[in-house]
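Residues per chain, in single letters:
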Amino acid sequence: GDLYIDQLAQDEDLLFRVNDGGSTKIAMQFDASDNGTVYFANDNQKLMIGAGSDLRIYHTGTNTYMYNYEGELRIGNTVDDADTALWGDDGSGGMRAYLTIDGSAGSVNVAGQLKINTTHDGSMYFERDGGSDFSIEHDTSQIYWYNRTISEAVFMMKHAGPVIINEGGDDAVDFRVEGDSDANL
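Predicted model, so just to flag it, every value in this text is computed and none were measured.

Rules used in this analysis
- Residues numbered from 1 in each chain as written.
- Predicted model: local features only at pLDDT ≥ 70, side-chain atom pairs only at ≥ 80, totals over all residues.
- Heavy atoms only, no water.
- Helix = DSSP H or I, 4+ residues; strand = E, 2+ residues; numbered from the N terminus.
- Buried < 20%, exposed > 50% of the residue type's maximum accessible area, 1.4 Å probe, protein only.
- Lys, Arg positive; Asp, Glu negative; His and termini not counted.
- Salt bridge = Lys/Arg side-chain N within 4 Å of Asp/Glu carboxyl O.
- Polar contact = N/O pair within 3.5 Å; in protein donor to acceptor, adjacent residues only side chain to side chain.
- Contact = heavy atoms within 4.5 Å.
- Patch = residues over 30% accessible without salt bridge, like charges linked within 9 Å, V, L, I, M, F, W, Y side chains within 5 Å.
- Areas by Shrake-Rupley, 256 points an atom, 1.4 Å probe, with all protein chains shown as cover.
- Pairing = 2+ DSSP bridges.
- Axes fitted to C-alpha atoms, helices over the stretch in contact; angles between N-to-C directions.
- Phe/Tyr/Trp six-rings, centres within 6.5 Å; stacked < 30°, edge-to-face > 60°.

Caption draft 1: Examining the side chain of D102 more closely. Structurally, D102 is set in strand β8 (residues 95–102). One buried charged residue, D102, remains without a salt bridge, the closest side chain of opposite sign being R96 at 15 Å. A polar side-chain atom of D102 sits 3.1 Å from the main-chain amide nitrogen of A105. When residues no more than four places from it in sequence are discounted, the contact partners of D102 are D83, S107 and N109.

Caption draft 2: Molecular detail of a nonpolar patch on the surface. There is a patch of nonpolar side chains on the surface, built from I101, V108, V110, L114 and I116 and spanning about 470 Å² of accessible area. Along the chain, the position of L114 falls in the loop between β9 (107–110) and β10 (123–128). Here L114 falls in the exposed class, since its relative accessible area comes to 59%.

Caption draft 3: Spotlight on the sheet that holds strand β3 (residues 37–39). If you walk across this open sheet you meet the three strands as β1-β2-β3, and the pairing is antiparallel. Whereas interior strands pair on both sides, the edge strands pair on one side only; in this sheet they are β1 (14–20) and β3. Recorded for the sheet is a direction-independent mean angle of 20° between the axes of neighbouring strands. One ladder, built from seven bridges, connects β1 with strand β2 (residues 23–31); its direction is antiparallel. Each residue of the ladder has a partner; that of N19, found in β2, is T24.

Caption draft 4: Summary view of the packing of aromatic side chains. In this structure the tally under the stated criterion is five aromatic pairs. When the ring of Y58 is compared with that of Y65, the centres are 5.3 Å apart and the planes differ by 25°; the resulting orientation is stacked. Residue Y58 is classed as buried on the basis of its relative accessible area, which comes to 17%. Between Y67 and Y69, the ring centres sit 6.4 Å apart and the planes meet at 55°, which makes this aromatic pair tilted. Y67 sits in the partly exposed class, given a relative accessible area of 36%. A relative accessible area of 46% means that Y69 is categorised as partly exposed. A connected cluster of aromatic rings, assembled from ring pairs, spans Y58, Y65, Y67 and Y69.

Caption draft 5: Looking closely at the sheet that holds strand β6 (residues 64–68). Across the sheet, which stays open at both edges, the three strands sit in the order β4-β5-β6 with antiparallel pairing between neighbours. Each edge of the open sheet carries a strand with a single partner, namely β4 (46–49) and β6. Geometrically, the sheet is characterised by an average inter-axis angle of 10° between neighbouring strands, direction not taken into account. Pairing analysis gives five bridges linking strand β5 (residues 55–59) to β6, with the strands arranged antiparallel. Within β6, the residue paired with L55 across the bridge is N68.

What follows is the structure, encoded as structure tokens:
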């Protein structure tokens, strides 16, 4: 049959204690007065899950960490058409969903600014199923918006220079704006 470990006194906790280097600590506490809430009350105490301690969650007293050491870390929501959101402090004492994966709309929504940090002269690629269709690239002198389907920069902003739309390989320019004394509009 089943094994039960009971604390049957009303609103009294169930405590698991250990000896850590001569010091007795409560390793785990079940709070009966708080609906059986489970506490790991020590800073740097890790919850490790898996045969190789592959998922680790802990708090240092300052920050909280969750690490995965094997396979993918998958966070999901199985409720039909429900959102999955990452919340953070809103700067005025409340909480706000800053990143929301909208299951019913099939979209990812960002509240506030989206900052993407790439390496120096890095590129951002935007893809649909089947391939890379569009990218934004930067070098030391200009920003390019590339149409990856035709492998051409369709929009170019040069440092301290012109803005060019659709400068193809055949040197045909659909639109160009420059800030010099030449008439280039």
